[in-house]
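Coordinates in review
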Amino acid sequence: MTPQNHQVTLYHCPYTRSSGALALLEELGADYQLHVMNMKSGDQRKPEFLAINPMGKVPTITHGDAVVTEQVSVYLYLADLYPEAELAPPLGDPLRGPYLRWMVFYGTCFEPAVVDRAQKRIPAPAATSPYGDFDTMLKTLVEQLEKGPWILGERFTAADVLWGSALNWTTQFGLIPQIPVIKDYIARFIQRPGYVRALAKDAELAASQA
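For clarity, every value in this text was computed on a predicted model and none was experimentally measured.

1. Some points on the side chain of T157
- Inspection of the secondary structure assignment puts T157 in the loop between α5 (134-145) and α6 (158-172).
- The contacts of T157, once residues within four sequence positions are left out, are L87, P89, Y99, I151 and L152.

Below is the structure:
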């Protein structure tokens with residue numbers, strides 16, 4: 001069982017952002033329960049789920065009395081919950097600060113920039129934009145990836161599950177350019193055993209919902 005003898009429950013829709021959280025749970029070797037929902041049937045908008053997460057978004061997890069929403073929060077919580085997996089540098093580790101930086105950079109800079117570009121929105125002035133401008137955001141990320149093989153260098157962490165999953169789907173949709181450093185990073189990530197197991201589970205779940 002997990003710490004405090006409570007099992008983690010992941011509210012999950014296959015082939016969504018929660019697929020990355022599923023891969024993380026697999027990488028952590030976690031004891032977890034899946035609460036599978038069907039987006040085509042609108043399960044994420046039903047009162048039962050909105051009572052847990054009023055935003056109707058996945059991933060959402062429950063752990064005892066704790067309810068954790070928002071993708072980056074879910075990753076941070078889970079990685080700290082299983083310290084034996086060593087996917088989160090602990091307090092006092094020199095990598096803790098960079099780890100938090102790149103986890104939060106995803107939610108505050110990368111995803112807003114990608115969504116703005118996908119929606120063909122007119123960019124806000126850099127001084128008022130949460131991510132400055134798209135090119136600077138991408139250049140900052142690429143320079144970090146070039147230090148490789150992982151986002152923090154030699155050490156694989158939960159941040160790589162977040163970024164590997166995100167870059168995999170954003171390049172597939174043409175939202176992020178498939179430059180060599182990004183392609184190589186994705187290629188390393190999709191060979192990870194946790195991702196492979198999560199992908200197989202998603203394929204099975206999606207087939208059952210078809």
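There's more to say after this.
2. What about the side chain of S18?
- Summarising the element assignment, S18 is placed in helix α1 (residues 18-28).
- Reaching out from S18, the side chain makes a polar contact with the backbone oxygen of C13 at a distance of 3.2 Å.

3. Thoughts on the pattern of salt bridges
- In total, this model carries 10 salt bridges according to the counting rule given.
- One salt bridge in this structure joins R17 and E111, with 3.1 Å as the shortest N-O distance. Taken together, the residues span a long stretch of sequence, with R17 in the loop between β1 (8-12) and α1 and E111 in helix α4 (residues 96-118) at a distance of 94 residues.
- Measuring nitrogen to oxygen at the nearest pair gives 2.7 Å for the salt bridge that ties R197 to E26. Linking R197 in helix α8 (residues 193-209) with E26 in helix α1, this pair joins segments that are 171 residues apart in sequence.
- When its relative accessible area of 38% is taken as the criterion, R197 is described as partly exposed.
- Given the relative accessible area of 11%, E26 is considered buried.

4. Brief notes about the packing of α5 against helix α7 (residues 180-189)
- Packing of α5 against α7 brings their axes to within 10 Å, and their N-to-C directions diverge by 60°. Judged on the interaxial angle alone, α7 and α5 are oblique. The hand of the α5/α7 crossing is left-handed. For the pair formed by α5 and α7, the contact residues are L138, V142 and L145 on the first element and V181, I182 and Y185 on the second.
- When its residues are assigned to classes, the contact of α5 with α7 shows six nonpolar, no polar and no charged.

5. Observations concerning α4
- Between its first and last C-alpha atoms α4 spans 32 Å; for 23 residues at 1.5 Å apiece the expected length is 33 Å, and the two agree.
- At F105, α4 shows its largest kink, close to 45°.
- Taken residue by residue, α4 has R96, Y99, W102, M103, F105, Y106, C109, F110, E111, A113, V114 and D116 as its buried positions.
- Its buried side turned inward, α4 meets α3 (71-81), α5 and α6.

6. Notes on the packing of α6 against α7
- Viewed as axis vectors pointing N to C, α6 and α7 meet at an angle of 120°, and their least axial separation amounts to 9 Å. By the angle between their axes, α6 is oblique relative to α7. Note on packing geometry: the crossing formed by α6 with α7 is left-handed. Where α6 approaches α7, its residues A159, D160, V161, W163, G164, S165, L167, N168 and T171 are matched on the opposing element by I182, Y185, I186 and F189.

7. A short note on the layout of surface pockets
- In this model, the largest pocket occupies a volume close to 820 Å³.
- Lining the largest pocket we find 34 residues, and of these T16, R17, S19, Q71 and W169 sit closest to its centre.
- Looking at the lining of the largest pocket, the elements that each hand over two or more residues are α1, α3, α4, α6 and α8.

8. Structural notes on the packing of aromatic side chains
- Following the criterion strictly, the structure yields 11 aromatic pairs and no others.
- For the pair F105 and W163, a centre-to-centre distance of 6.3 Å together with 35° between the ring planes defines the contact as tilted. Pair noted here: F105 is in helix α4 and W163 is in helix α6, with a separation of 58 residues, a long-range link. Take F105 and W163: they sit in the same class, and that class is buried.
- Relative to F173, the ring of W169 lies with its centre 6.4 Å away and its plane at 75°, an arrangement referred to as edge-to-face.
- We classify W169 as partly exposed; its relative accessible area is 29%.
- The exposed category is assigned to F173, whose relative accessible area is 63%.
- An aromatic cluster is present here, built from W102, F105, Y106, F110 and W163 joined pairwise through their rings.
- Directly above the ring of W150 sits R188, whose terminal nitrogen or CZ lies 5.9 Å from the centroid.

Criteria and cut-off values
- Residues numbered from 1 in each chain as written.
- Predicted model: local features only at pLDDT ≥ 70, side-chain atom pairs only at ≥ 80, totals over all residues.
- Heavy atoms only, no water.
- Helix = DSSP H or I, 4+ residues; strand = E, 2+ residues; numbered from the N terminus.
- Contact = heavy atoms within 4.5 Å.
- Polar contact = N/O pair within 3.5 Å; in protein donor to acceptor, adjacent residues only side chain to side chain.
- Salt bridge = Lys/Arg side-chain N within 4 Å of Asp/Glu carboxyl O.
- Buried < 20%, exposed > 50% of the residue type's maximum accessible area, 1.4 Å probe, protein only.
- Axes fitted to C-alpha atoms, helices over the stretch in contact; angles between N-to-C directions.
- Parallel < 35°, antiparallel > 145°, perpendicular 65-115°, else oblique.
- Left-handed = near helix turned anticlockwise from the far one by under 90°.
- Nonpolar A, V, L, I, M, F, W, Y, C, P; charged D, E, K, R; others polar.
- Expected span 1.5 Å × (residues − 1).
- Bend = angle between axes of the 7 residues up to and from the residue.
- 1 Å grid on protein atoms, 1.4 Å probe; cavity = no way out; pocket = protein on both sides within 12 Å on 5 of 7 lines; lining within 4 Å.
- Points joined across faces, edges and corners; volume = space filled by probe spheres on them.
- Phe/Tyr/Trp six-rings, centres within 6.5 Å; stacked < 30°, edge-to-face > 60°.
- Lys NZ or Arg CZ within 6 Å of the ring centre and 35° of its normal.

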